[in-house]
Each structure stands twice: as structure tokens, then as C-alpha cells.
Amino acid sequence: MKSGDTDLLSGKGYEIIELLQGLDVPRTEAISIACLVCGNEMTSQNIEQASGLRQPEVSIAMRPLRERGWIEERNEKKNTDKGRPVKYYKLIVPFEEIVKTFESKALRKNMEMVEALEQLKELSGNGE
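Residue positions are given per chain, counting from 1 as you read along its sequence in written order. With the structure being a predicted model, the display of local features is reserved for residues of pLDDT at least 70 and the display and counting of side-chain atom pairs for 80 or more, all residues being used for whole-chain, interface and lining totals. Neither water nor hydrogens contribute to the side-chain values; these are computed over all heavy atoms in the structure.

Student: Help me understand the sheet that holds strand E3 (residues 86–91) in this model?
Tutor: Here, strands pair whenever DSSP counts at least two bridges between them. Counting from the N terminus, the helices are the DSSP runs of H or I reaching at least four residues and the strands are the DSSP runs of E reaching at least two. The sheet built from three strands is open, its strands ordered E1-E3-E2 with antiparallel pairing. Bordering the open sheet on either side are strand E1 (42–43) and strand E2 (71–76), each of which pairs with just one other strand. Sheet topology places E1 next to E3; two bridges connect them, and they run antiparallel. Note that in E3 the partner of Thr43 across the bridge is Tyr88. Of the strands in this sheet, E2 and E3 touch helix H4 (residues 55–67), which is tilted by about 130° from E2. In this description, contact between two residues means that some pair of their heavy atoms is separated by no more than 4.5 Å. Angular values range over 0 to 180 degrees, each being the angle between N-to-C directions of two axes fitted as lines to C-alpha atoms, with helices fitted over their stretch in contact.

What follows is the structure, encoded as C-alpha cells:
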């Protein structure tokens, strides 16, 4: 990653983060998604540098993305045998599909709220 890549999240990335958080996506998860959308394949360290997240936050944020099948994670050994292998992450699902997942969730939630409101209206009309 080049030194200028710490600006990876300017513009589009910050907008993605803000919109995802508005949909109740956890902050670290939203940041990680934005990094991968804007940066293609990235190491955990690249994500840390671009986002300001700490290493444990990146690992925790990647878990639900991996469980949903949205990312591919691979380990690559460093040139020396010392230390942990470097983790690489990349989206394997188009961002549009991820957006559709959040859209479906939001629509379901709204429908549940409408149903609850209808039930409340019925109860208020019964005089109980």
C-alpha cells in the first residue's frame, strides 16, 4: 500500500460509513466495509492505517462479514518465520448485494413497526 493510501476513506468511503451507521450497522463493521469497497484487497494493517481502527477492532469487525460470506480472508507468511502471518481481506460479494441485504433488513423492520402501530390503533379504539 502506498503512503497516500491512508486517505483511502476520503469522500465516498466516509459517505458509505455514515449511511451504513444510519442503518444501525456497527461503526467498526461500517468502516471495514468502506475500506474494502474503496481499497479492494487489504491487509489488516492497511485497514488500521486507513481507518484509525486498532488491530483487535479490525479482527472483531471482520468476523460477521466472514460469517455472512461477504469477505475472503487469507493468511500469508512474512518473509521471516518470526511473528504472525499477515491477514489479507477482500470483498467477494458485490457491494450492491451487501446493500440489498441491508435494504431487506430495513424493509422488514419497517413492516414490523407498521404492524405494531396498527395493533396499537386497534387497541386504542377498544377503550381498554
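Student: Would you mind going over the layout of surface pockets with me for this structure?
Tutor: One way to see where empty space is left: roll a probe the size of a water molecule over the atoms. In the cavity and pocket records, a cavity denotes points on a 1 Å grid over the protein atoms alone where a 1.4 Å probe fits but cannot get out, a pocket denotes an open set with protein on both sides within 12 Å along at least 5 of 7 lines, and lining residues are residues with an atom within 4 Å of a point. Grid points are joined across faces, edges and corners, and a volume is the space filled by probe spheres set on the points. Of the volumes computed, that of the largest pocket is approximately 340 Å³. What lines the largest pocket is simply Thr43, Ser44, Gln45, Glu48, Gln55, Ser59, Asn75, Lys78, Arg84, Pro85, Val86 and Lys87. Every element with two or more residues in the lining of the largest pocket is listed here: helix H3 (44–51), H4 and E3. Here the lining of the largest pocket gets three residues from one element, more than from any other, and that element is H3. Ten residue types, Ala, Val, Leu, Ile, Met, Phe, Trp, Tyr, Cys and Pro, are classed as nonpolar, four, Asp, Glu, Lys and Arg, as charged, and the remainder, Gly among them, as polar. The residue inventory of the lining of the largest pocket, partitioned by class, reads two nonpolar, six polar and four charged.

Student: Got a minute to help me understand the side chain of Glu29 in this structure?
Tutor: Structurally, Glu29 is set in helix H2 (residues 27–39). Exposure categories follow from relative accessible area, calculated using a 1.4 Å probe and restricted to protein chains: below 20% of the type maximum is buried, above 50% is exposed, and the middle band is partly exposed. Here Glu29 falls in the buried class, since its relative accessible area comes to 6%. For Glu29, the residues in contact, after removing those within four places along its chain, are Ala61, Pro64, Leu65 and Arg68.

Student: Looking at this structure, I do not really get unusual backbone geometry. What am I missing?
Tutor: Only a minority of non-glycine residues have a phi that is not negative, and only a minority of peptide bonds are not trans. One non-glycine residue, Asp24, adopts positive backbone phi at about 70°. Judged by relative accessible area, which is 54%, Asp24 ranks as exposed.

Student: Just to check I follow, could you spell out the nonpolar core for this structure?
Tutor: It is characteristic of soluble globular proteins that their nonpolar side chains tend to be buried jointly. Definition used in this section: a nonpolar core is a set of buried Ala, Val, Leu, Ile, Met, Phe, Trp, Tyr and Cys residues joined via side-chain atoms within 4.5 Å. Leu36, Ile47 and Met62 are the most contacted members of the largest nonpolar core, which totals 25 residues. Broken down by secondary-structure element, the contributors of at least two residues to this core are helix H1 (12–22), H2, H3, H4, E3 and helix H5 (95–125). The element best represented in this core is H2, accounting for six residues. With sequence-adjacent residues up to four places away left out, Met62 is seen in contact with Ser32, Leu36, Ile47, Ile71 and Tyr89.

Student: I tried to follow a nonpolar patch on the surface on my own but got confused; where do I start?
Tutor: Like-charged residues within 9 Å of one another, or nonpolar side chains (Val, Leu, Ile, Met, Phe, Trp, Tyr) within 5 Å, are grouped into patches, provided each residue has over 30% relative accessible area and no salt bridge. Exposure was quantified through the Shrake-Rupley algorithm and a 1.4 Å probe, taking into account, for residues, occlusion by the shown protein chains and nothing else. For this analysis, a salt bridge means a side-chain nitrogen from Lys or Arg found within 4 Å of a carboxyl oxygen belonging to Asp or Glu. Taken together, the side chains of Leu117, Leu120 and Leu123 define a hydrophobic patch exposed on the protein surface, amounting to about 310 Å² of accessible area. Secondary-structure assignment places Leu120 in helix H5.

Student: How should H4 be read in this particular structure?
Tutor: What sets the pattern is the α-helix's 3.6 residues per turn: residues three or four places apart point alike. With 13 residues, H4 extends 19 Å from end C-alpha to end C-alpha; this agrees with the ideal 18 Å at 1.5 Å per step. Those residues of H4 that sit buried are Val58, Ala61, Met62, Pro64 and Leu65. Angularly, the buried residues of H4 cover 160° about the axis, an arc narrow enough to put them on a single face. With respect to the buried face of H4, the exposed residues turned more than 90 degrees away are Ile60 and Glu67. Buried residues belonging to H4 abut H2, H3, E2 and E3. Downstream of H4 by a residue or two, Gly69 has a phi angle that is positive, lying close to 80°. What a helix is expected to span follows from its residue count: subtract one and scale by 1.5 Å. By construction, the arc corresponds to the directions joining the helix axis to the C-beta atoms.

Honestly, it's all geometry; don't read function into it.
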